Amino acid sequence: MSLAAYASHDNASRGRRVPEPPAPTRGDFQRDRDRVIHSTAFRRLVYKTQVFLNHEGDLFRTRLTHSLEVAQLGRSIARSLGLNEDLVEAIALAHDLGHTPFGHAGQDALNACMHQAGEVASHGANDASTPNEPAGGFEHNMQSLRVVDELEERYPDFDGLNLCFETREGILKHCSRANALWLERVEPKGVGARFLNGTSPSLEAQLCNLADEIAYNAHDIDDGVRSGLLSIEQLRVVPLFERFLQTTLSHHPNLQGRRLLYEVVRRMLSAQVYDVIDATCAAIKQLGVAVPADVALAPVLVCFSAEMKQQSADLKRFLMHNLYRHPQVMQTTVQARRVVTDLYAAYCSEPHLMPAHRRLSGVEVSIKRQVADYIAGMTDRFAIKEHERLTGSKVFV
Ligand code: MG
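Residues numbered from 1 in each chain as written. Predicted model: local features only at pLDDT ≥ 70, side-chain atom pairs only at ≥ 80, totals over all residues. Heavy atoms only, no water.

(A) Representation of the coordination of the magnesium ion in the model. Protein ligation of the magnesium ion involves His66 (NE2), His95 (NE2), Asp96 (OD) and Asp212 (OD), the donor distances falling in the range 2.2 to 2.7 Å. Coordination of the magnesium ion draws on donor residues from a single chain, spaced H-x28-H-D-x115-D in sequence. You can see His66 sitting in helix 3 (residues 63–81) and its partner Asp212 sitting in helix 10 (residues 203–227), a full 146 residues away along the chain. Asp212 shares its class with His66; the two are buried. (Donors = N, O, S within 2.8 Å, 3.2 Å for Na, K, Ca; no water. Helix = DSSP H or I, 4+ residues; strand = E, 2+ residues; numbered from the N terminus. Buried < 20%, exposed > 50% of the residue type's maximum accessible area, 1.4 Å probe, protein only.)

In structure tokens form, the structure reads like this:
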């Protein structure tokens with residue numbers, strides 16, 4: 001299918017940080033997607049927590065399977081809207097590369113460590129970032145960008161994967177003002193600019209944000225029920241779930257258990273996909289968006305209808321209260337925080353405990369940032385093993 005005029009076209013790319021000749025048979029965004037798949041950080045996603053820890057069961061989503069589901073939903077919607085599927089896939093597969101082990105618990109712990117370290121080190125003075133590293137704390141979106149810009153070591157001529165501007169822009173989904181200012185200093189009018197001037201990213205980047213949300217809302221229902229922490233009965237208070245439970249049962253009155261759950265989730269996913277396609281087409285038409293320059297100046301266009309937006313928010317709220325804050329999940333959160341906090345303290349006081357090759361070559365980066373980079377790159381199980389080696393205590397037994 002040919003691309004719409006408002007899509008991101010390979011030949012209109014703002015290019016790579018280090019110029020490279022085009023590949024003979026592949027487009028630039030297709031090449032980005034391939035670079036992400038071959039990266040070390042991508043392979044590590046298989047052993048990183050989405051909600052349930054990797055060792056809790058073989059069938060729960062990991063960051064890797066989550067990323068694949070985001071890519072699938074993203075491509076599906078992109079094709080209908082005439083957007084660039086290769087760019088969507090590259091962004092979707094890379095969007096979680098910067099995630100720490102243990103999901104959000106790991107990220108929050110590392111962020112808290114970095115902030116405390118800043119205060120201690122600077123004694124209240126200005127803890128300005130160096131030209132080579134972001135400001136203060138730890139943000140996983142910023143870290144995903146850091147992985148593809150700096151931390152991957154695969155190519156002779158540059159650090160990172162040297163991805164196109166549009167792919168990097170999509171990966172940096174959120175960014176604090178402090179980090180946007182830092183990015184603007186090191187890369188004027190670059191990927192940080194939109195957070196300062198209030199412009200919108202490409203439609204492909206917008207789509208990945210929404211596909212991420214659709215994917216985790218659906219798979220967390222599935223994983224929640226699989227784990228026994230949620231039940232189909234309990235989910236019936238969620239209007240979106242109840243609606244498709246009723247339609248499923250009207251077509252298949254005897255369906256129950258796993259197959260019933262899968263069918264409800266499948267119908268929910270389809271309804272959300274069609275809703276996004278219709279609502280986005282309407283928004284594009286209503287605002288007269290014709291080319292990417294219009295997209296930048298318009299509000300976010302890839303969206304749900306008002307009704308689906310409300311239903312999706314209800315589902316999210318349900319999952320927050322009943323799954324993410326479930327006592328059993330919270331228990332692993334406490335343990336995860338301990339592992340990350342102990343590792344951070346150990347490496348900061350004795351940096352030689354980190355392998356020498358982890359130190360960034362040729363650039364000056366603070367020890368605390370090197371430690372954060374090292375910990376963020378760990379898989380769940382490596383972090384647990386390393387914690388046991390350094391502290392002698394067993395967590396998650
Ligand atoms: Mg995600």
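(B) A look at the environment of Val291. Of note, Val291 is situated in the loop between helix 13 (257–286) and helix 14 (292–297). Relative accessible area serves as the criterion here: at 37%, Val291 is assigned to the partly exposed category. On a C-alpha basis, the gap between Val291 and Ala7 in space is 7.2 Å, while along the polypeptide they are 284 residues apart. Each residue touching Val291, except ones within four places of it in the same chain, is listed here: Ala5 and Tyr6. (Contact = heavy atoms within 4.5 Å.)

(C) Up close: the nonpolar core. Of all hydrophobic cores here, the largest spans 84 residues; its most connected members are Leu97, Ile221 and Phe241. A total of 11 residues in this core trace back to one element, the largest contributor, which is helix 13. Sequence-distant contacts of Phe241, defined by excluding residues within four places in its chain, comprise Ile221, Ile232, Leu235, Arg236, Leu261, Val264 and Met268. Of all hydrophobic cores here, the second largest spans 25 residues; its members include Leu53, Phe138, Val371 and Val395. (Core = buried A, V, L, I, M, F, W, Y, C linked by side-chain atoms within 4.5 Å.)

(D) Molecular detail of the packing of helix 4 (residues 85–94) against helix 10. Running from amino to carboxyl end, helix 4 crosses helix 10 at an angle of 45°, the nearest separation of the two axes being 9 Å. As summarised for this structure, helix 4 and helix 10 are arranged oblique, according to the angle between their axes. Crossing geometry of helix 4 relative to helix 10 is assigned as right-handed. Residues Leu87, Val88, Ile91 and Ala92 of helix 4 touch helix 10, and the partners they reach there are Glu204, Ala205, Leu207 and Cys208. Of the residues assigned to the contact of helix 4 with helix 10, the class counts are seven nonpolar, no polar and one charged. (Axes fitted to C-alpha atoms, helices over the stretch in contact; angles between N-to-C directions. Parallel < 35°, antiparallel > 145°, perpendicular 65-115°, else oblique. Left-handed = near helix turned anticlockwise from the far one by under 90°. Nonpolar A, V, L, I, M, F, W, Y, C, P; charged D, E, K, R; others polar.)

(E) Spotlight on the confidence of the model for the chain. Looking at the chain as a whole, the pLDDT averages 92, with 93% of positions reaching at least 70. Below pLDDT 50 for its whole length, residues 119–128 participates in four contacts with residues either more than four positions away or in separate chains. (pLDDT = per-residue confidence, 0-100.)

(F) Up close: the side chain of Arg33. One can find Arg33 in helix 1 (residues 28–37). With a relative accessible area of 13%, Arg33 lands in the buried category. When sequence neighbours within four positions are dropped, the list of residues in contact with Arg33 reads Arg75, Asp86, Glu89, Ala90 and Leu93.

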